[in-house]
Amino acid sequence: MAQLIVVNANVRYKVSRKETLATLRSVLRNERSYYRWVSVVFINDKKSRQLNRMYLAHDYPTDVLAFRLDRGALLEGEVYVNLDRARVQANKYGVPFRNEVARLVIHGLLHLLGYRDTTAPSRLKMRKKEEKYLQGVSKRTEHARKNH
């Protein structure tokens with residue numbers, strides 16, 4: 001049975017589980033990806049630094065980490081989104097916090113799906129995908145506001 005799991009382990013910020021699930025479903029559907037399970041865990045700087053150091057040998061917090069756990073036909077993976085970094089980046093870029101969180105969720109999920117951002121062309125391709133999926137998030141948010 002396919003599962004999408006969202007856990008907020010960051011007590012400082014609230015994030016909509018419903019919005020996160022809708023974003024995950026939208027990207028997975030549009031990418032025609034079949035999954036066994038995908039989890040998104042919202043964390044803080046301390047946990048991000050710990051995971052980044054443990055798995056990537058980088059001794060600093062990062063905004064998003066993605067771990068593909070199985071190379072089978074069905075996707076299995078974890079995305080860790082650092083809400084402390086999301087807050088800082090939202091302020092820096094002048095975007096709503098919820099949009100920056102959605103961008104990081106999308107970015108991590110795209111990594112699970114095999115997209116890379118290690119070269120300029122691959123970064124550009126990934127950024128275009130992020131923007132496409134972020135527009136869907138904005139439309140859903142607008143629609144929800146109008147119907148309340």
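Preceding this paragraph is the structure being described.
Residue numbering note: each chain is counted from 1, following its sequence as written. Given that this is a predicted model, residues contribute local features only at a pLDDT of at least 70 and side-chain atom pairs are listed and counted only at 80 or more, while totals for whole chains, interfaces and linings are drawn from all residues. Hydrogens are left out, water is left out, and the side-chain values use all remaining heavy atoms of the structure.

Novice: How would you sum up the overall build of the protein chain? Please name residues and give values.
Specialist: What the protein chain contains, in helices and strands, is 5 helices and 4 strands. Secondary structure elements of the protein chain occur, N-terminal to C-terminal, as β-α-β-α-β-β-α-α-α. For the radius of gyration, the atoms used are the C-alpha atoms, and the globule rule reads 2.2 Å times the number of residues raised to 0.38. By the compact-globule yardstick of 15 Å for 148 residues, the protein chain fits well, its C-alpha radius of gyration being 15 Å. By its C-alpha atoms, the protein chain is 45 × 35 × 35 Å across when sized along the principal axes. The buried share of the protein chain, taken over its 148 residues, is 42%. Helix and strand definitions follow DSSP, with helices as H or I runs of at least four residues and strands as E runs of at least two, each counted in order from the N terminus. Relative accessibility decides the category of a residue: with a 1.4 Å probe and only protein chains considered, values under 20% of the type maximum give buried, values over 50% give exposed, and everything between is partly exposed.

Novice: Mind laying out unusual backbone geometry, listing which residues take part and the relevant values?
Specialist: In this structure, arginine 32 is a non-glycine residue whose phi angle is positive, near 55°. Look at alanine 57: it is not a glycine, yet its phi comes out positive at around 60°. When you line up the elements, alanine 57 lands in the loop between helix H2 (45–56) and strand S3 (64–70).

Novice: Run through helix H3 (residues 83–93), naming residues and quoting values.
Specialist: Here H3 has its buried residues at Leu83, Asp84, Ala86, Gln89 and Ala90. Residues are treated as being in contact if the distance between any of their heavy atoms lies within 4.5 Å. Close packing links the buried residues of H3 with strand S1 (3–8), strand S2 (35–43), H2, strand S4 (75–82) and helix H4 (97–112). Glycine 94, located one to two residues past H3, shows a positive phi value of around 65°.

Novice: Could you give an account of the sheet that holds S4, with specific residues and numbers?
Specialist: Across the sheet, 4 strands lie side by side as S1-S2-S4-S3; this open sheet has mixed pairing. Two strands in the sheet have a free side with no partner beyond their single neighbour: S1 and S3. Pairs of neighbouring strands in the sheet enclose a mean axial angle of 10°, with direction left out of account. Two strands pair when backbone bridges link them, and S1 and S2 are joined in this way by 6 bridges, in the parallel orientation. Paired with isoleucine 5 across the bridge in S2 is serine 39. In this analysis, axes come from line fits to C-alpha atoms, helices being fitted only over the stretch in contact, and the angle between any two N-to-C directions falls in the range 0 to 180 degrees. Helix-sheet contacts for H2 involve S2, S3 and S4, and the interaxial angle to S3 is about 50°. The strands touched by H4 within the sheet are S2, S3 and S4, with S4 carrying the most contacts at an inclination of about 150°. Only strands joined by at least two bridges in the DSSP assignment are considered to pair.

Novice: Could you give an account of the packing of H3 against H4, with specific residues and numbers?
Specialist: The contact between H3 and H4 brings their axes to 8 Å, and the two run at 120°. When the axes of H3 and H4 are compared, the pair comes out oblique. Handedness of the crossing formed by H3 with H4: right-handed. Counting all contacts with H3, which are made through Leu83, Ala86, Arg87, Gln89, Ala90 and Tyr93, the residues of H4 involved are Phe97, Glu100, Val101, Arg103 and Leu104. Split by residue class, the contact of H3 with H4 holds 7 nonpolar, 1 polar and 3 charged. By the definition adopted for this analysis, an angle is roughly parallel if under 35 degrees, roughly antiparallel if over 145, roughly perpendicular if from 65 to 115, and oblique otherwise. Crossings are assigned a handedness: left-handed for a near helix turned anticlockwise from the far helix by less than a right angle, right-handed for a clockwise turn. Ten residue types, Ala, Val, Leu, Ile, Met, Phe, Trp, Tyr, Cys and Pro, are classed as nonpolar, four, Asp, Glu, Lys and Arg, as charged, and the remainder, Gly among them, as polar.

Novice: Requested: an account of the nonpolar core, with residues and values cited.
Specialist: In this structure, Phe42, Val81 and Leu109 are the most contacted members of the largest nonpolar core, which totals 30 residues. Counting residues per element, the ones that place at least two in this core are S1, helix H1 (17–30), S2, S4, H3, H4 and helix H5 (120–146). A total of 9 residues in this core trace back to one element, the largest contributor, which is H4. Residues within four places of leucine 109 in sequence aside, it is in contact with Leu24, Val27, Leu28, Val38, Leu75 and Val79. For the purposes of this section, nonpolar cores are sets of buried Ala, Val, Leu, Ile, Met, Phe, Trp, Tyr and Cys residues that join through side-chain atoms within 4.5 Å.

Novice: With reference to specific residues and values, describe the packing of aromatic side chains.
Specialist: Stacked, tilted and edge-to-face are the three classes assigned to paired rings of Phe, Tyr and Trp, where Trp is represented by its six-membered ring and a pair needs centres within 6.5 Å; plane angles under 30 degrees give stacked, over 60 edge-to-face, the rest tilted. As enumerated under the stated definition, the model contains 3 aromatic pairs in all. Taking the centre distance of 5.3 Å and the plane angle of 40° together, the rings of tyrosine 13 and phenylalanine 97 count as tilted. Pair noted here: tyrosine 13 is in the loop between S1 and H1 and phenylalanine 97 is in helix H4, with a separation of 84 residues, a long-range link. With respect to burial, tyrosine 13 and phenylalanine 97 carry one shared label: buried. Their ring planes at 70° and their centres at 6.0 Å tell us that phenylalanine 67 and tyrosine 80 sit as a pair that is edge-to-face. Taken together, the positions of phenylalanine 67 in strand S3 and tyrosine 80 in strand S4 put the pair 13 residues apart, joining distant regions of the chain. Note on accessibility: phenylalanine 67 and tyrosine 80 belong to one class, buried.

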